Amino acid sequence: MPTFDRREFLTTVAAGVAAGAAPLGAATLRAPVGAETPPPQPRAAALAEPAFRPLPLGSIRPAGWLARQLRIQADGLSGHLDEFWPDVGESQWFGGQAEGWERAPYWLDGVIPLAWILDDEILKTRVTKYVDYIVAHQRADGWYGPYPEDAVQKRYDLWAILLANKVLAQYHDATGDARVLDAVVKSLRALGGGLDRTPLYGWGKFRWYEGLVPAFHAYERTGEPWLLELARKLRSQGVDFESLVATDDLEAPTPRRGLWKWTKHVVNTAMATKASALGWRLDRRPSDRAFATAMIAFLDRHHGQVNGMFSGDECLAGRNPLQGTELCAVVEFMYSLEHLFSAFGDPAFGDRLERVAFNALPATFAPDMWSHQYDQQVNQAQCTINPEHMWTTNGPESNLYGLEPNFGCCTSNMHQGWPKFAAHLWMRTPDEGIVAAAYAPSRATFTAHGVPVTVELDTDYPFHESLAIAVTAGAAARFPLVLRVPAWAEGATVRIAGGPEEPMAPGTLHRVEREWRGRVDVEVRFPMRPAVTTRYNEAVAIERGPLVFALKIGEEWTRVNADKPHRELPHGDFEVRPTTPWNYGLVVDETRPTASARFEERPVGERPFSPEGAGVVATVRGRKIPNWKIVRGWAAEISPADVAWSDPARTVTEEPVEELTLVPYGCTNIRITEFPRLRG
Ligand SMILES: [Zn+2]
């Protein structure tokens, strides 16, 4: 078999397009290129090659707990939103009279990968019907249906066009439907002309890089140079985040009931963390590569939360665990991290992706995924309609579990989190191999040197420490299996085909290069040592591997807003109140974490991210803090002075030491995660 050459492939495909030849896309990508391929053209190298490439959508299937989680999602709001929520079901994108901007494309952005990863025929058929409608109603000049004329002739923020084309490129990746690629190309051409007349403003200006995703997708399949000129136009008209972060505007937390600002908007910020990855592929500026890490470090320093996110409710809100993080920011940050790992191949981006996926993402949904929060809190003693709230710019319903608490953006955008995570667990290396970007039970199929290969991961990670990988090659093939070794995994080991245990260095990509033939078992172990970390106001948090732990609190769910439209069960709104004490400080010694917390691995439940389904629990020691109460609807803030509660004069020392049960943060609905630190 000839070696697969991407540049040759692109040239061939470009020639095929010119001749109106066979459909493009995923199916073609998997086919080897014939021997008579013309030599590479210079333009083929115009985009920097990413470190790793995602597999075509549908090449990775979920297994184990991840399959259950995606099925819960498809059976919950994601698989049913179009049936009763007008902003999707009656969207102007689909010929209706409701919202005609971001909401229907947002929903498709998550439901397309959900349907194709689950291979759910019913959902695929519905999605295809909607995509067909958009494509069939595209105007001859390239603009899509929701507007009566050229979209720059009236005030229509072009962010929705960037998003819609990103969504349709994803559909093309899954199906290879050439009509959809044609629609994207026509729309991008119209967009390029429109930007000459009316430059980007508003959301489009802050989200310009989203347009690079479909532009690159189309460029790699058509070779049309104007697509890269369009990408440069978007970059030059859009916000330069490196300059923005260099100002002091982004450092300070937005005050309570403060001023809403484009620059401090948490979703814009989460999305923008990938701008440098996309910009680097276009311009190869070394500063882009460095800035990717620097921007996240900046956000951590000033707004970082223990769940892997930064706060924003919905403007950047500091490190206080009582501040909220909007769900849109969670799913967008995950998508950004998937791009960052792909472009730069830095294992730290994979570590961070897991931290967000296993903590912040599941925590903000009800376990059945019928309801979600707009804002989640790291210390969230109760979720109620709260006029006394201390959000920066959000409203009193922001931490309810509901259909559209506060605002409906998350209702339409939340769906992409799990499916895109599943689609990015494995990526291709440039030398025919496969890399584990993140770990969850799954099966990936691809070809290496023309040989069909399956990689199956059987594991209850992140709840458990052991991972069993089976590599099955249809014939002898030499390629690397690259394992991301998390930075926390001191003592990580790998054992190939029953051979000796070999050490792997934490925070690296460990390369197993060999000839694979038949089935080869690869046993991986990532020891998860407990960690006690110091957080805001000297509070402590308990961690183990990629998981953060939180106090398991009894819950009472109360239905509210039953008279509001579209709140028929099972998609109602709920308040959640504690039924057991939550006001504890922990007796821990951060220098001896193994003595501070005891962990027990358990079978992962039917609902993996629910209080009762937790696949691991922790036992710690703590004392009740009688004076720590709910004030203004929330757990009161713990000040640095309060940390001295070990003072014998304080009542807390009279409280008995109790054994407390912590569960993974992602399994909780209400929780305390950052605890006051107490001495013995
Ligand atoms: Zn949102």
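My aim in this report is to walk through the structure given alongside it, one point at a time. Owing to the predicted nature of the structure, the values given are computational and were not obtained by experimental measurement. (Residues numbered from 1 in each chain as written. Predicted model: local features only at pLDDT ≥ 70, side-chain atom pairs only at ≥ 80, totals over all residues. Heavy atoms only, no water.)

## Notes on the coordination of the zinc ion
The test is simple: Only nitrogen, oxygen and sulfur atoms count as donors, using a 2.8 Å cut-off from the metal that widens to 3.2 Å for Na, K and Ca. Water is left out, so coordination shells may look unfilled. Any coordination sphere not matching a tetrahedral pattern (four donors, all angles between 85 and 135 degrees) or a square planar or octahedral pattern (four or six donors, opposite donors over 155 degrees apart, other angles between 65 and 115) is reported as irregular. Helical segments are the DSSP runs of H or I of at least four residues, strand segments are the runs of E of at least two, and each set is numbered from the N terminus. When accessible area is computed with a 1.4 Å probe and restricted to protein chains, residues below 20% of their type maximum are described as buried, those above 50% as exposed, and intermediate ones as partly exposed.
Here the zinc ion is held by the protein donor atoms Glu326 (OE), Cys328 (SG), Cys409 (SG) and Cys410 (SG), which lie 2.1 to 2.3 Å from it. Its 4 donor atoms give the zinc ion angles of 95 to 121° at the centre, a pattern that matches the tetrahedral case. Within one chain, the residues donating to the zinc ion are spaced in sequence as E-x1-C-x80-C-C. Of this pair, Glu326 sits in strand E3 (residues 324–326) while Cys410 sits in helix H19 (residues 409–413), and the two are 84 residues apart along the sequence. The pair formed by Glu326 and Cys410 is uniform in burial state, with each residue classed as buried.

## Some remarks on helix H6 (residues 103–118)
Inclusion rule: Here the expected span of a helix is defined as 1.5 Å times the quantity of residues minus one.
The end-to-end C-alpha separation of H6 is 23 Å, in line with the 22 Å expected for 16 residues at 1.5 Å each. Counting buried residues along H6, 16 of its 16 residues qualify, which places the element largely inside the surrounding structure. Directly after H6, the chain includes Asp119, whose backbone phi takes a positive value near 55°.

## Focus: the pairing of strand E23 (residues 658–664)
For clarity, the cut-off: Whether two strands pair comes down to DSSP finding at least two bridges between them.
Here strand E15 (residues 547–551) pairs with E23 via 3 bridges, running antiparallel. Bridged to Leu551 within E23 is Leu662. For strand E20 (residues 616–624) and E23, the ladder comprises 5 bridges, and the chain directions are antiparallel. Looking at the pairing, Ala618 lines up with Leu662 of E23.

## Comments concerning unusual backbone geometry
Cis geometry is adopted by the peptide bond preceding Glu314, which originates at Asp313 and carries an omega value of 0°. Relative to the elements of secondary structure, Glu314 occurs in the loop between helix H16 (286–303) and E3. Backbone geometry places Arg257, a non-glycine residue, at a positive phi of 50°. Tracing the backbone shows Arg257 in the loop between helix H13 (241–246) and helix H14 (266–272). For Arg257, a relative accessible area of 44% translates into the label partly exposed. The backbone of Arg284 shows a phi angle near 55°, a positive value even though the residue is not glycine. Along the polypeptide, Arg284 turns up in the loop between helix H15 (275–283) and H16. Residue classification places Arg284 among the partly exposed residues on the basis of a relative accessible area of 42%.

## Structural notes on the nonpolar core
So the rule is basically this: Definition used in this section: a nonpolar core is a set of buried Ala, Val, Leu, Ile, Met, Phe, Trp, Tyr and Cys residues joined via side-chain atoms within 4.5 Å. Working rule for contacts: check all heavy atoms of both residues, and any pair within 4.5 Å makes them a contact.
Counting 215 residues, the largest nonpolar core has Trp93, Phe241, Phe421, Trp426 and Phe526 as the members making the most contacts within it. The element best represented in this core is helix H17 (residues 327–344), accounting for 13 residues. The contact partners of Phe526, leaving out residues within four places of it in the chain, are Tyr439, Tyr461, Glu465, Leu467, Arg484, Val485, Pro486, Trp488, Ala489, Ala492 and Met504. Formed by 7 residues, the second largest nonpolar core is a distinct cluster that contains Val378, Ala541, Val548 and Ala550.

## Digging into the layout of surface pockets
Rule in force here: A pocket here means an open set of points on a 1 Å grid, computed over the protein atoms alone, that has protein on both sides within 12 Å along at least five of seven lines. A cavity is instead a set of points where a 1.4 Å probe fits but cannot get out; residues with an atom within 4 Å of a point line either one. Grid points are joined across faces, edges and corners, and a volume is the space filled by probe spheres set on the points.
Of the volumes computed, that of the second largest pocket is approximately 310 Å³. As for the second largest pocket, its lining consists of 16 residues, and the residues nearest its centre are Ala348, Asp351, Arg352, Arg355 and Ala487. Of all the secondary-structure elements, those providing two or more residues to the lining of the second largest pocket are H16 and helix H18 (347–363).

## A look at the state of the cysteines
Our working definition: The disulfide criterion used throughout: a pair of cysteine sulfur atoms within 2.5 Å.
Applying the stated rule across the entire model yields 0 disulfides. Unpaired in terms of disulfides, Cys315 finds its nearest cysteine sulfur in Cys409, a separation of 12 Å.

## A short note on helix H9 (residues 178–197)
Its 20 residues place the ends of H9 29 Å apart at the C-alpha level, agreeing with the 28 Å of an ideal helix rising 1.5 Å per residue. Residues of H9 that are buried include every one of Val180, Leu181, Ala183, Val184, Val185, Ser187, Leu188, Ala190, Leu191, Gly192, Gly194 and Leu195, and no others. Elements in contact with the buried residues of H9: helix H7 (121–136), helix H8 (159–175), helix H11 (212–222) and helix H12 (226–237).

## What to know about the packing of H6 against H8
Threshold: Here an angle of 0 to 180 degrees is reported between the N-to-C directions of two axes, which are lines fitted to C-alpha atoms, with helices fitted over the stretch in contact. Each angle is binned into one of four classes, with values under 35 degrees roughly parallel, values over 145 roughly antiparallel, values of 65 to 115 roughly perpendicular, and all other values oblique. Rotating anticlockwise by less than a right angle from the far helix to the near helix defines a left-handed crossing, while the corresponding clockwise rotation defines a right-handed one.
At a closest axis distance of 9 Å, the pairing of H6 and H8 adopts a crossing angle of 15°. As summarised for this structure, H6 and H8 are arranged roughly parallel, according to the angle between their axes. As H6 packs across H8, the resulting crossing turns out to be left-handed. Contacts between H6 and H8 pair Pro105, Tyr106, Leu108, Asp109, Ile112, Pro113 and Trp116 from the former with Trp159, Leu163, Ala164, Lys166, Val167, Gln170, Tyr171, Ala174 and Thr175 from the latter.

## Observations regarding the side chain of Thr325
Within the secondary structure layout, Thr325 lies in strand E3. In contact with Thr325, not counting residues within four places along its chain, are Gln305, Met309, Phe310, Ser311, Gly312, Val330, Tyr374, Asp375 and Gln376.

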